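What the coordinates show
Residue strings, one per chain:
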There are 2 protein chains.
Amino acid sequence: MKLKIPSLDLSDGLRKVLNVVSSRSTIPVLSNVLLKAANGHLSLSTTDLEVSITTSIEAKIEEEGETTLPAKKFGQIVSTLPTGEVTLETDASMTSTISCNQARFKIMGLDSSEYPKEAAVEEDRKLTFSKVELGKIFRKISYAVSTDQTRYVLNGILLSIREGNFTAVATDGRRLALVEKILEDANSALDGDVILPIKVVNELMKLLDGEGDVVVKLSDSRALFDLGDTQIITKLVEGTYPNYRQVIPASFKNTSVVNRDILFEVLNRVSIVVTDGASSVKARLENTSIILSATSSDVGEASEPLEHSYEGEPSNIAFNPAYLKDPLRTLECDEITLKFNDEFKPVVILGDEGFLYVIMPMRN
Amino acid sequence: MKLKIPSLDLSDGLRKVLNVVSSRSTIPVLSNVLLKAANGHLSLSTTDLEVSITTSIEAKIEEEGETTLPAKKFGQIVSTLPTGEVTLETDASMTSTISCNQARFKIMGLDSSEYPKEAAVEEDRKLTFSKVELGKIFRKISYAVSTDQTRYVLNGILLSIREGNFTAVATDGRRLALVEKILEDANSALDGDVILPIKVVNELMKLLDGEGDVVVKLSDSRALFDLGDTQIITKLVEGTYPNYRQVIPASFKNTSVVNRDILFEVLNRVSIVVTDGASSVKARLENTSIILSATSSDVGEASEPLEHSYEGEPSNIAFNPAYLKDPLRTLECDEITLKFNDEFKPVVILGDEGFLYVIMPMRN
C-alpha cells in the first residue's frame, strides 16, 4: 500500500473514528485502525465489536492495499504533523512508513486479515433525517438514559415508529424524555421498535453537525447510520422497552408557562444549598409567581421568586433539582410549560416542538 | 455585621482566597472563609495553617463586625448571583443573610473567634519585584520541583540572596532550573536562603499578574507577599537546600544554538514513539543539523532533522524527552543554547536572561 494525503484531511478522518477504539481490548487488532487504499480513497475503520465506524477520505493512491496501525499512537503522530502532504507506505512485514516534510516514522502494524469483518446491514427499514435534526433529538433526551447496568434495556435510546410517527425515548425510571416527529415518507412497513446503545448515540452526537442528511437503516439486530463520508454500524440492545406511554398523565389541572433561561438561573442558585442527591428544591406556584426554595440542615436555606403565567390552584411541588436542570439546559425554546395535577403525580414539561419530559415529584 | 458590595467585586475577591481552603480539614473553621467588615472595606481570609491569604475589597459598611462562612458554598452562591449589589447581614447566631436582587440565602457560619490568628511577619528582609517579573520567575522553574515527599527540602523553591544576587532554584535531583537576577537595592543585610513550599508558589502564580509591585518580606520561619490588595503569608520549609552550584559544569566543549519553537515541535513528534518514562530521545549533533530520533520495541521508530548553529564535535546525547520539553514550553526567547562536554556529563540549557537549566543525559 502506498498513498499521499494532506495531513489535515488525515487528522480530520482519524478524529472521527478514534473514539470507538478500546485501549483495553484483549484482541490486539481491536486497538488498531484498519486502513484500506483503493479507488482514489483511503478508508479508516475502527470497531469494538458493538459499534463500528468507517470514514473515507480522498487520497492519491499509488499502490492499493490494506493494513492496520495502532490507533492511539497513529492518531498522536498525525495530530502533531506539520501542515503538508503525508506519504504513507506499508511494506510486506506490515511496517508503515509515515513521512511529512522532514518528519519520518516507521510504525509496526498488524495484518488486516486479522481485522473482524462487518457484514452489510440488510436494509429492512430506511429513515432520513437532516444531520442537525437527528443530533438535536439525541441531545434533548440522551441525558435521561439509565446508567444502571442491571436495567440494560434502559441503557439505550428507544426509536419507535408507529403509523408515520417517529418517537425517540430515554428514561432511567425516575424521569423520561422523548421527542416525537411526524415522518414525511410515512409507510406502515416502517413500524417497529429498536433500542440504540448509548455509546453509538454519544458518537453520533459528535458527528451529526454541518450540512446534509443522515440515512438510518434498521434491521432486526443492527442499525446503520450513513452520514455520506462516514458510516456507523451498531448492534441493537436486545429486549423489550417498557411501555413509556403509561407514565404520561392524560389530563392536567394546573399549567404554568415560565421563561426557560430565568428558571434555569434561579434553580441553579437555589439548589446550591442542596448538599445531597436525596434533597429537593421546593416550588410554590401562585397566581403570578413561582417561589423556589431549598433548605439543608448543614448549610442553610435559599429562596427566590420568579414570574410565570399560571392557570391553576396555588400548589407546592418538590423536585430533584438535577432532573429539572437537564431539560432546561438542552432545550432551545424561550418558554417552557409545566403541567401537573398535584404534588404526588407525574409532572410534564413541554418545550421545543415534539419534546415531552416527565418527572416524578419528590415527597417532602 | 452588615454591608453592601457589588456582586462582581465579591466574586473576584473570593476567587483569590478560595484555593487555599482544604475541604478535608479536621478543624471545621478551616473550611470557612473569615469575613471582617471595617473602615470601608470587607476583608476575606483563608488559611490551611501553612499558607494564609487575605484580600480586601471596598464595601459600604453599615455595621462593622466579623463572621466566618463555609468557603465552598459561599463561593458557589456568589458565583451564581446576578450582577448587582449584594447585601450581607450577620445576626448574633452567626447566620448570614445574603441577598442580591430577588435571590435570598441564609447560611450558617461559625464564630470568628474560632478562626486561627496569624501573627504579623517580623520584617527581617524586604525585596521588591514587579508582579509580572516574579510570576515569570516562578513559571520558568516551578515544574522542576520534586514531588517525592521523602525529599521535603526539594518540594519547595529556594530563594537565595548573596551579595546583591537573587537566585530562585527548583530541582528534583534529575534536572535543575534556576533564574538569577541582580537586585537593584543590593545590601548585604539581605543575604540568606529561604525555601518556599510549592503550594504558595502555585497560589502566587495565579495572582501575580497585572500592573504593580509585590513586596516580599522574609523572616526566619515565614514569608509575606504583599500584592497591595492581597497579602499571602506562608511558613517556610525547614532544612538546608543542597549545594546546587556544584552540578553546573565550569566549562563546555560543545555549543549548539537552536530555535526553541522548532525544537519543541520536533521533540513532541519524535517522542510519541517513546512509551515509558525510562526511554530516551536521542540527539545526533552534526555541523549544521541535529537529528532527533527514538525507537521503541512495541511501536516503532521516529526521526527528524532540524537546523542549528554548532561549535563542537559531532556528538550523540540521549534525553528524557519530558525533561527537555519543560523549559522549551515555559521560556519566551526565540533561541536556546545547549552547552555540554560529552554524553555522560550534565548538559546546560540557556535561554531567557538569567535562566539556566541543567539536565543529566540518559545512558543508552
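Below is a short write-up of the structure. (Residues numbered from 1 in each chain as written. Chains lettered and ligands numbered in written order. Predicted model: local features only at pLDDT ≥ 70, side-chain atom pairs only at ≥ 80, totals over all residues. Heavy atoms only, no water.)

Let us now look at the sheet that holds strand E23 (residues 315-319) of chain B. As summarised here, the arrangement of the 9 strands in space is E5(A)-E1(A)-E7(A)-E8(A)-E9(A)-E21(B)-E20(B)-E19(B)-E23(B), forming an open sheet in which the pairing is antiparallel. Strands at the two margins of the open sheet, each flanked by one partner only, are strand E5 (60-63) of chain A together with E23 of chain B. For this sheet, the mean inter-axis angle between neighbouring strands, taken without regard to orientation, is 15°. Of the strand pairs in this sheet, strand E9 (residues 103-108) of chain A and strand E21 (residues 300-307) of chain B are connected by 4 bridges, and their pairing is antiparallel. Of the residues in E21(B), the one forming a bridge with A:Ile107 is B:Gly300. Helix H1 (residues 7-17) of chain A contacts strand E1 (2-6), strand E7 (85-90) and strand E8 (95-100) of chain A of the sheet and is inclined by roughly 95° relative to E1(A). Where helix H5 (residues 260-270) of chain B meets the sheet, its contacts fall on E9 of chain A together with strand E19 (281-285), strand E20 (289-296) and E21 of chain B, and the angle it forms with E21(B) comes to roughly 170°. (Pairing = 2+ DSSP bridges. Helix = DSSP H or I, 4+ residues; strand = E, 2+ residues; numbered from the N terminus. Axes fitted to C-alpha atoms, helices over the stretch in contact; angles between N-to-C directions. Contact = heavy atoms within 4.5 Å.)

Now for the packing of aromatic side chains. All names here are of chain A. Evaluated as defined, the whole model comprises 6 aromatic pairs over all chains. Where Tyr143 meets Tyr357, the ring centres are 6.2 Å apart and the plane angle is 50°; that geometry is what we call tilted. Placement of the pair is Tyr143 in the loop between helix H3 (131-141) and strand E11 (156-162) and Tyr357 in strand E26 (residues 355-359), with a sequence separation of 214 residues. You'll find Tyr143 and Tyr357 in the same group, each marked buried. Between Phe355 and Tyr357 the ring centres are 6.3 Å apart and the planes differ by 15°, which places this aromatic pair in the stacked class. Take Phe355 and Tyr357: they sit in the same class, and that class is buried. Each residue in the set Tyr143, Phe355 and Tyr357 is aromatic and connected to the rest through ring pairs, giving one cluster. (Phe/Tyr/Trp six-rings, centres within 6.5 Å; stacked < 30°, edge-to-face > 60°. Buried < 20%, exposed > 50% of the residue type's maximum accessible area, 1.4 Å probe, protein only.)

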